[in-house]
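Summary of the model geometry
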Amino acid sequence: MTTTEQNIDNSLIAILEQVSDPEIPVLSIMDMGVVRSAVFEDGIVKVEITPTYSGCPAMDVIGDDIKKALEEAGYKSEIDLILHPAWTTDWITPRGRKALEDYGIAAPLEAEADKDVLLHGKKIVKCTNCGSQNTRLVSQFGSTACKAQFQCEDCQEPFDYFKCLK
């Protein structure tokens, strides 16, 4: 598991937890782990965010949404996009993983299991509808580049799987 320390002022956590990921609205940006730092400097909240992958189109929206949420709470802010360390699916919180599953997106597996699923067809991704592992890869890419499309062979429901990124 890849971890890095977050540096987030406790008084800002509740505000940032209200900012949704625009591509997966049931997740907050805190659940996704994209906020790496949020601190007060000279009366301004300085926030550092990391994209889930280089070129992620949601980052501009996330930055704007953070600024708006902080402004509504009475704070001026600056948002910086940082690329190092690179975001990893290890940063998704347990609450975020559960929210993904409840929303119909299978949470990421560990790296080796992910490769077995995406490259070798191993049947270990659980259907988010019925829980069966009798699932098959339909497409390496789902509704966004960070997801793959699967279908359950038992209930026949299609669903996205959030790929492991490390």
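Computed from a predicted structure; not experimentally measured.

Here the focus is the overall build of the protein chain. For the protein chain, the count of helices and strands is five helices and eight strands. Starting at the N terminus and walking to the C terminus, you meet the elements of the protein chain as β-α-α-β-β-α-β-α-β-α-β-β-β. Along the first, second and third principal axes, the C-alpha atoms of the protein chain reach 55 × 25 × 25 Å. Looking at the protein chain residue by residue over its 166 residues, the buried ones come to 42%. In the form shown here, the protein chain has an accessible surface area of approximately 8,700 Å², with 49% of it arising from carbon and sulfur atoms.

Under the feature "domain: MIP18 family-like" (unreviewed entry), the UniProt entry names residues 14–71. End C-alpha atoms of residues 14–71 are separated by 14 Å, and the span's content is 36% helix alongside 22% strand.

Moving on, we get to helix α4 (residues 94–103). Within α4 the residues assigned to the buried category are Gly 96, Ala 99 and Leu 100. All buried residues of α4 fall inside an arc of 105° around its axis, so they share one side. Opposite the buried face of α4, by more than 90 degrees, sit the exposed residues Pro 94, Lys 98 and Asp 102. Following α4 by one or two positions, Gly 104 has its phi on the positive side, about 105°.

Once that is clear, we can look at helix α3 (residues 59–72). With 14 residues, α3 should cover 20 Å at 1.5 Å per step; its first-to-last C-alpha distance of 20 Å lies within 8% of that length. Buried within α3 are the following residues: Met 59, Ile 62, Gly 63, Ile 66, Ala 69 and Leu 70. The buried residues of α3 occupy an angular sector of 130° when the element is viewed end-on, so they sit on one face. Turned more than 90 degrees away from the buried face of α3 sit Asp 60, Asp 64, Lys 68, Glu 71 and Glu 72, all of them exposed. On the buried face of α3, the contacting elements are α1 (10–17), α2 (29–32), β3 (44–49) and β4 (76–81). Positive backbone phi, approximately 95°, marks Gly 74, located one or two places after α3.

Within a beta sheet, neighbouring strands are joined by backbone hydrogen bonds and run either parallel or antiparallel to one another. Read from one edge to the other, the open sheet built from four strands follows the order β5-β8-β7-β6, with strand pairing classed as mixed. Looking at strand neighbours, the two that pair on one side only are β5 (105–106) and β6 (135–139), the edges of this open sheet. Across two bridges, the pairing between β5 and strand β8 (residues 158–162) is parallel. Across the sheet, residue Ile 105 finds its bridge partner in β8, namely Asp 160.

What follows covers the sheet that holds strand β2 (residues 35–41). One open sheet accounts for four strands, arranged β1-β2-β3-β4; its pairing is mixed. Among the strands making up the open sheet, the edge pair consists of β1 (7–8) and β4. Each of β1, β2 and β3 is contacted by α1, which is oriented at about 130° to β2, the strand it contacts most.

The biggest cluster of nonpolar side chains holds 32 residues, and the ones touching the most others in it are Leu 16, Ile 29, Val 35, Val 47, Ile 66, Leu 100 and Phe 162. Elements supplying a minimum of two residues to this core: α1, α2, β2, β3, α3 and α4. The leading source of residues in this core is α3, at five residues. Leaving out residues up to four positions away in the same chain, Ile 29 has contacts with Leu 16, Val 19, Ser 20, Asp 21, Val 34, Val 35, Ile 62 and Ile 66. Counting 10 residues, the second largest nonpolar core, distinct from the first, contains Ala 106, Val 117, Leu 118 and Cys 152.

Attention shifts here to the environment of Tyr 103. With respect to the helices and strands, Tyr 103 occurs in helix α4. Classification of Tyr 103 as partly exposed rests on a relative accessible area of 42%. The spatial distance from the C-alpha of Tyr 103 to the C-alpha of Lys 67 is 27 Å, given a sequence separation of 36 residues. Residues within four places of Tyr 103 in sequence aside, it is in contact with Ile 24, Pro 25 and Val 26.

Reading guide: rules and limits
- Within every chain, residues take consecutive numbers counted from 1 along the sequence as written.
- Per-residue local features of the predicted model are confined to residues with pLDDT of at least 70, and side-chain atom pairs are confined, for both listing and counting, to 80 or more; whole-chain, interface and lining totals are unaffected and use all residues.
- Hydrogens and water are ignored here; the side-chain numbers use all heavy atoms of the structure.
- In this description a helix means any DSSP run of H or I spanning at least four residues, a strand means any run of E spanning at least two, and both kinds are numbered starting from the N terminus.
- Note on classification: 1.4 Å probe, protein chains only; a residue is buried when its accessible area is under 20% of the maximum for its type, exposed when over 50%, partly exposed between these limits.
- Accessible surface is estimated by sampling points in the Shrake-Rupley manner with a 1.4 Å probe; for residues, cover comes only from the protein chains shown.
- UniProt positions are given in the numbering used here, feature names are shortened, and annotations may be inferred rather than shown by experiment.
- Throughout, the arc means that of the directions going from the helix axis to the C-beta atoms.
- Multiplying one less than the number of residues by 1.5 Å gives the expected span of a helix.
- Between two residues, a contact is recorded if the distance between any of their heavy atoms is within 4.5 Å.
- At least two bridges found by DSSP between two strands are what make those strands a pair.
- Every axis corresponds to a line fitted to the C-alpha atoms, with the helix fit spanning only the stretch in contact, and the corresponding angles, defined between N-to-C directions, vary from 0 to 180 degrees.
- Only buried residues count toward a nonpolar core, which is a set of Ala, Val, Leu, Ile, Met, Phe, Trp, Tyr and Cys residues joined through side-chain atoms within 4.5 Å.

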